[in-house]
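Observations on the model geometry
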Amino acid sequence: MPGYDIRRFVGLSQREADEFTCGICLQIFREPTVVPCCRHTYCRECISRWLANTNTCPNDRRGLIASQLYDPQRLVTNLLAKLHIQCHFYAQGCDAVLELQCLDSHADSCPCNPCRQCPDCGLRMAERMDAAPDYEIPVPPLVSHNCVNSLKRLNETLAEEMSQLKREILKLKTEIKTLKDRRNEFNASDTLSDHISEVLSSARNRICYPEITYCSVSSTQRLKAINKSKEAILTYDSYEQITHFLSQQFNTSSSGDTTGHKWHTIAQSVHCGEALIATENGWIDLRFGQLRIAIFRAAGAL
Ligand SMILES: [Zn+2]
Ligand SMILES: [Zn+2]
Ligand SMILES: [Zn+2]
Ligand SMILES: [Zn+2]
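Model, not experiment: these values are computed from the prediction.

We now examine the sheet that holds strand 6 (residues 262-269). If you walk across this open sheet you meet the four strands as 5-7-8-6, and the pairing is antiparallel. Each end of this open sheet is capped by a strand with a single partner; those strands are strand 5 (211-215) and strand 6. Strand after strand, the sheet turns through a mean of 15° between neighbouring axes, direction not considered. The sheet contact formed by strand 6 and strand 8 (residues 291-298) spans eight bridges and is antiparallel. Paired with Gln268 across the bridge in strand 8 is Arg292. Against the sheet, helix 6 (residues 219-235) touches strand 5, strand 6, strand 7 (283-288) and strand 8, its axis set at about 40° to strand 7. Against the sheet, helix 7 (residues 239-250) engages strand 6 and strand 8, with an angle of about 155° to strand 6.

Below you can see the structure in the form of structure tokens.
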């Protein structure tokens, strides 16, 4: 592109105009470039185009090729950068006046720039724009933009996310149900153990007052049953431990009988007692509060 239109500069002195005007396009330098022969400065594009047709300097006609061009002194580019210029989109109504170095960054977000980024979706608003020929659309390259289309795309994305979320909710509901079931099972077992401790504590309260509801064993065995039951009740916290202990106490080698029958024990709440028919091989049924203990002799395994 040739230089910047000199009419767009604000407060430009005659001296600045003389110093920064390109001898080829007669506008203010864009990417100033110096020729070595006479140290004149031109826009990079202006002098490059010139040298594409001829190998002489446009000022003094001395020999010149593109590789001899060099950048101007820093002072020159700094002064140039501070010149004040109207926005690219002054014709579209922008009245901003900026330092030349801020021109392009302003233009990208200028409200009068038809190619600015959409503030809603970040896409560029138009594909190309002829109204401000000085304005080069910056990278990334333009995307044809129409907010309705982008809303449709957004809508599709959201619908996809929504169905994803629905699937996840369904999964979570299933997990919650599993957890609830487990909690109910847990509570049920909790109630059961509460019940056991209630039965055992009533048994301990009544430890000195056993009732004998049935007895067909010898007085020695009856005394043993009562004493060992007391010991078990005071020592153990579950029916299993109590029955295991009592069966062991009665099935010692010295108490074995010739019939091959063994002693068995039942420990349970008096309220859930299933009716067991006493055998005449020996049976004693005891109550300690709410605890029932039955010790009886029967064939090997029950
Ligand atoms: Zn020029
Ligand atoms: Zn020259
Ligand atoms: Zn502007
Ligand atoms: Zn948009």
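Below, the discussion takes up the UniProt feature "domain: RING-type" (unreviewed entry) in the protein. Per the UniProt record, the feature "domain: RING-type" (unreviewed entry) sits at residues 22-61. In residues 22-61, helix accounts for 25% and strand for 15%; the two terminal C-alpha atoms are 17 Å from one another.

A separate point is the packing of helix 6 against helix 7. For any two helices packed against each other, one specifies the inter-axial angle together with the distance between the axes. Viewed as axis vectors pointing N to C, helix 6 and helix 7 meet at an angle of 145°, and their least axial separation amounts to 10 Å. Crossing angle aside, the handedness with which helix 6 passes helix 7 is right-handed. Between helix 6 and helix 7, the contacting residues are Gln221, Lys224, Ala225, Lys228, Ser229, Glu231 and Ala232 on the first element and Ile242, Phe245, Leu246, Gln249 and Phe250 on the second. When its residues are assigned to classes, the contact of helix 6 with helix 7 shows six nonpolar, three polar and three charged.

Tallying each qualifying case throughout the model produces four aromatic pairs. The interplanar angle of 75° and the centroid separation of 6.5 Å between the aromatic rings of Tyr4 and Phe9 together place this pair among those described as edge-to-face. One exposure class covers both Tyr4 and Phe9, and it is buried. Positioned above the aromatic ring of Tyr4 is the side chain of Arg30, whose terminal nitrogen or guanidinium carbon lies 4.1 Å from the ring centre. When the ring centre of Phe250 is taken as origin, the NZ or CZ atom of Lys224, which lies over that ring, is 4.6 Å away.

Okay, the coordination of the zinc ion (ligand 3) next. For the zinc ion (ligand 3), the protein coordination sphere consists of Cys87 (SG), Cys94 (SG), His106 (NE2) and Cys110 (SG), at 2.1 to 2.4 Å. Of note is the zinc ion (ligand 3), whose four donor atoms meet at the metal with angles of 106 to 112° in an arrangement that counts as tetrahedral. Written as a sequence motif, the donor arrangement for the zinc ion (ligand 3) is C-x6-C-x11-H-x3-C. Comparing Cys87 with Cys94, the two get one shared label, buried.

Once that is clear, we can look at the pairing of strand 8. The buried fraction of strand 8 is high, at eight of eight residues. Across the two faces of strand 8 the burial is the same, with Leu291, Ile293, Ile295 and Arg297 and Arg292, Ala294, Phe296 and Ala298 all buried. Remark: two residues form the turn of the hairpin made by strand 7 and strand 8, two consecutive strands paired antiparallel; Gly289 in that turn has positive phi of roughly 60°.

Moving on, we come to the pairing of strand 7. Burial analysis of strand 7 places five of its six residues in the buried class, the great majority of the element. Inspection of the sheet shows strand 5 paired to strand 7 by four bridges, in the antiparallel sense. The residue of strand 7 that forms the bridge with Ile212 is Leu286. In this structure, strand 7 lies alongside strand 8, joined through six bridges in antiparallel fashion. When the bridges of strand 8 are listed, Phe288 appears paired with Leu291.

Okay, the pattern of salt bridges next. If you walk through the whole model with that rule in mind, you get 12 salt bridges. Between Arg62 and Asp60 there is a salt bridge, with its nearest N and O atoms 3.5 Å apart. Judged by its relative accessible area of 49%, Arg62 is partly exposed. You can call Asp60 partly exposed: its relative accessible area is 25%. Of the charged contacts in the structure, one is a salt bridge between Arg167 and Glu160, with a shortest N-O distance of 4.0 Å. Taking the relative accessible area as the measure of exposure, Glu160 reaches 46% and is therefore partly exposed. When salt bridges with common partners are traced through the structure, they connect Glu31, Arg44 and Asp71 into a single cluster.

Rules used throughout
- Residues numbered from 1 in each chain as written.
- Chains lettered and ligands numbered in written order.
- Predicted model: local features only at pLDDT ≥ 70, side-chain atom pairs only at ≥ 80, totals over all residues.
- Heavy atoms only, no water.
- Pairing = 2+ DSSP bridges.
- Helix = DSSP H or I, 4+ residues; strand = E, 2+ residues; numbered from the N terminus.
- Axes fitted to C-alpha atoms, helices over the stretch in contact; angles between N-to-C directions.
- Contact = heavy atoms within 4.5 Å.
- UniProt positions renumbered as here; feature names shortened; annotations may be inferred.
- Left-handed = near helix turned anticlockwise from the far one by under 90°.
- Nonpolar A, V, L, I, M, F, W, Y, C, P; charged D, E, K, R; others polar.
- Phe/Tyr/Trp six-rings, centres within 6.5 Å; stacked < 30°, edge-to-face > 60°.
- Buried < 20%, exposed > 50% of the residue type's maximum accessible area, 1.4 Å probe, protein only.
- Lys NZ or Arg CZ within 6 Å of the ring centre and 35° of its normal.
- Donors = N, O, S within 2.8 Å, 3.2 Å for Na, K, Ca; no water.
- Tetrahedral: all angles 85-135°; square planar, octahedral: opposite > 155°, others 65-115°.
- Salt bridge = Lys/Arg side-chain N within 4 Å of Asp/Glu carboxyl O.

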